[in-house]
Amino acid sequence: MSENNLIKPNRVITDKDKDEDDDVVCLGEFFIDDNYELTTFTFGSNVLQLLCLQSASTDFDLTGQLVWPGARLLNEYLSNNAELLQGCSAVELGSGVGITGILCSRYCREVVLTDHNDEVLKILKKNIELHESSEDPNSCAALSAEKLEWGNCDHLNRILENHPQGFDLVLGADICFQQNSVPPLFDTVKQLLCLREKEHCKFILAYVSRSKMMDVMVTKEAIQHGLQIREVDGTRSVIANLEGVIYEITL
Ligand SMILES: C[S@@+](CC[C@H](N)C(=O)[O-])C[C@H]1O[C@@H](n2cnc3c(N)ncnc32)[C@H](O)[C@@H]1O
């Protein structure tokens, strides 16, 4: 579909449009905003450039097209505590455009970035390619993007075929915002943690508080899954007018 034929979502489609524009047939594509902009982010001494939207789409589950406050919080924390990442293998859940996983590639030996949304996976893969083509002298990890819907055992097993030993770290930034996805998120986290001996794998979650109910739910789900959840000292802070915190979650 050419740019000229693309009618923007906030314009009313007239009968004339329908007669003239045979190309407007797929509503899925019709609403997707993919005007990504190359954007520079700085975390401590780490400067990263990647493609993202500057504001959220209103349609479909496209939250992953932009960088969320949780990713800023997690990336600041990881940049300041890079020894946590050194030489590790990591899997990121709900990677969005990939800003956290790509930062980790500067310290880890291997990073698998995941998301469930196919449109988000497209831009995630593009950002990985962009990063690889930049020949970042600091980057040492192998990066890959995989589809992973929380709670979907087939998706997880496909990833584990290539990583039967699991990962040293599970990472998540701003991924607790929909109540019905929190239990399957913790199912997946528990499966990942159980691949390793106790304390040999941890889930680092950057949580941004948007509702009291979700604050309670995150801790409750971790405990119901038999996991330990600990707030990392000194990480509670205000980010984009919201309160954020880093949790370490272990078996
Ligand atoms: C708010 S965005 C955060 C993106 C990124 N981590 C950040 O902080 O910028 C949430 C991400 O989780 C993904 N996501 C939401 N529900 C999911 C699910 N059930 N399984 C896997 N990924 C999911 C979305 O596609 C999106 O990329």
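Now for a description of the structure that goes with this document.

Cut-offs applied
Within every chain, residues take consecutive numbers counted from 1 along the sequence as written. In view of the model being predicted, local features appear only for residues whose pLDDT reaches at least 70, and side-chain atom pairs are presented and counted only at 80 or more, with totals across whole chains, interfaces and linings using the full set of residues. In computing side-chain properties, one takes all heavy atoms of the structure into account and sets aside hydrogens as well as water. Helix and strand assignments follow DSSP, with helices taken as H or I runs no shorter than four residues and strands as E runs no shorter than two, numbered in order from the N terminus. Each residue is assigned to one of three classes by its accessible area relative to the maximum for its type, calculated with a 1.4 Å probe on protein chains only: buried under 20%, partly exposed between the two thresholds, exposed over 50%. We call two residues contacting when some pair of their heavy atoms lies within 4.5 Å. Surface accessibility in these figures is a Shrake-Rupley result with a 1.4 Å probe; residues are shielded only by whichever protein chains are displayed. Helix axes are fitted only over the stretch in contact, all axes being lines through C-alpha atoms; the angle between N-to-C directions runs from 0 to 180 degrees. Definitions for this section: a left-handed crossing has its near helix turned counterclockwise from the far helix by less than a right angle. A right-handed crossing has that turn clockwise. Three residue categories are used. Nonpolar comprises Ala, Val, Leu, Ile, Met, Phe, Trp, Tyr, Cys and Pro, charged comprises Asp, Glu, Lys and Arg, and polar comprises the others, including Gly. Proximity is defined per residue: any heavy atom of the residue falling within 4 Å of a molecule or strand makes that residue near it. Residues adjacent in sequence count toward polar contacts only when both atoms are side-chain atoms; beyond that, a polar contact is any pair of N or O atoms within 3.5 Å, and within protein one must be able to donate a hydrogen and the other to accept it. Take the number of residues in a helix, subtract one, and multiply by 1.5 Å to get its expected span. By definition here, a salt bridge exists when the distance from a side-chain nitrogen of Lys or Arg to a carboxyl oxygen of Asp or Glu is within 4 Å. Criterion used throughout: strands pair if DSSP finds at least two bridges between them. The handedness of a crossover follows from its direction of travel: if, with the strands pointing away from the viewer, the path from the first strand over the helix to the second runs clockwise, the crossover is right-handed.

1. Looking at the overall build of the chain
Helix and strand content of the chain: 8 helices and 10 strands. Of all 251 residues assigned to the chain, the portion counted as buried reaches 48%. Taking as baseline every contact in the chain between residues at least 6 positions apart, the subset at least 24 positions apart corresponds to 67%. With the model as given, the accessible surface of the chain reaches about 12800 Å², and the carbon-plus-sulfur share is 47%.

2. Structural notes on the packing of helix 7 (residues 182-194) against helix 8 (residues 212-224)
Packing of helix 7 against helix 8 brings their axes to within 10 Å, and their N-to-C directions diverge by 35 degrees. Handedness of the helix 7/helix 8 crossing: right-handed. For the pair formed by helix 7 and helix 8, the contact residues are V182, P183 and F186 on the first element and M214, M217, V218, E221 and A222 on the second. Within the contact of helix 7 with helix 8, the residues separate by chemical class into 7 nonpolar, no polar and 1 charged.

3. Section: the site of the ligand
With respect to spatial proximity, 18 residues lie near the ligand, and among them W68, G94, D115, W150 and A173 are the closest. In the environment of the ligand, an oxygen atom lies 3.5 Å from a nitrogen or oxygen atom belonging to the backbone of A71. With the chains in place, 98% of the 590 Å² that the ligand exposes on its own is no longer accessible. For the shell around the ligand, a count of residues per class yields 8 nonpolar, 7 polar and 3 charged.

4. Overview of helix 3 (residues 69-80)
The end-to-end C-alpha distance of helix 3, which contains 12 residues, comes to 17 Å, matching closely the 16 Å that a straight helix rising 1.5 Å per residue would cover. Burial analysis of helix 3 places 9 of its 12 residues in the buried class, which makes it a mostly covered element. P69, G70, A71, L73, L74, N75, Y77, L78 and S79 are the residues of helix 3 that are buried.

5. Points about the pattern of salt bridges
On inspection of all chains with the given rule, the structure shows 9 salt bridges. The shortest N-O distance in the salt bridge between D118 and K147 comes to 2.8 Å. Of this pair, D118 sits in helix 5 (residues 118-133) while K147 is found in strand 5 (residues 142-147), placing the two residues 29 residues apart along the sequence. Of the charged contacts, one joins R210 and D174 as a salt bridge, the two residues approaching to 2.7 Å between their closest N and O atoms. Taken together, the positions of R210 in the loop between strand 7 (202-209) and helix 8 and D174 in the loop between strand 6 (169-173) and helix 7 put the pair 36 residues apart, joining distant regions of the chain. With relative accessibility at 8%, the residue D174 sits in the buried group. Because the salt bridges share partners, they merge into one network encompassing R109, D168 and R196.

6. With respect to the pairing of strand 6
For strand 6, the buried fraction is high: 5 of the 5 residues fall into the buried class. Because side chains alternate across strand 6, one face comprises the buried residues L169, L171 and A173, and the other comprises V170 and G172, equally buried. When strand 3 (residues 89-93) meets strand 6, the two strands line up parallel, connected through 4 bridges. If you follow L93 over to strand 6, its bridge partner there is G172. Crossover handedness for the path strand 6 to helix 7 to strand 7: right-handed.

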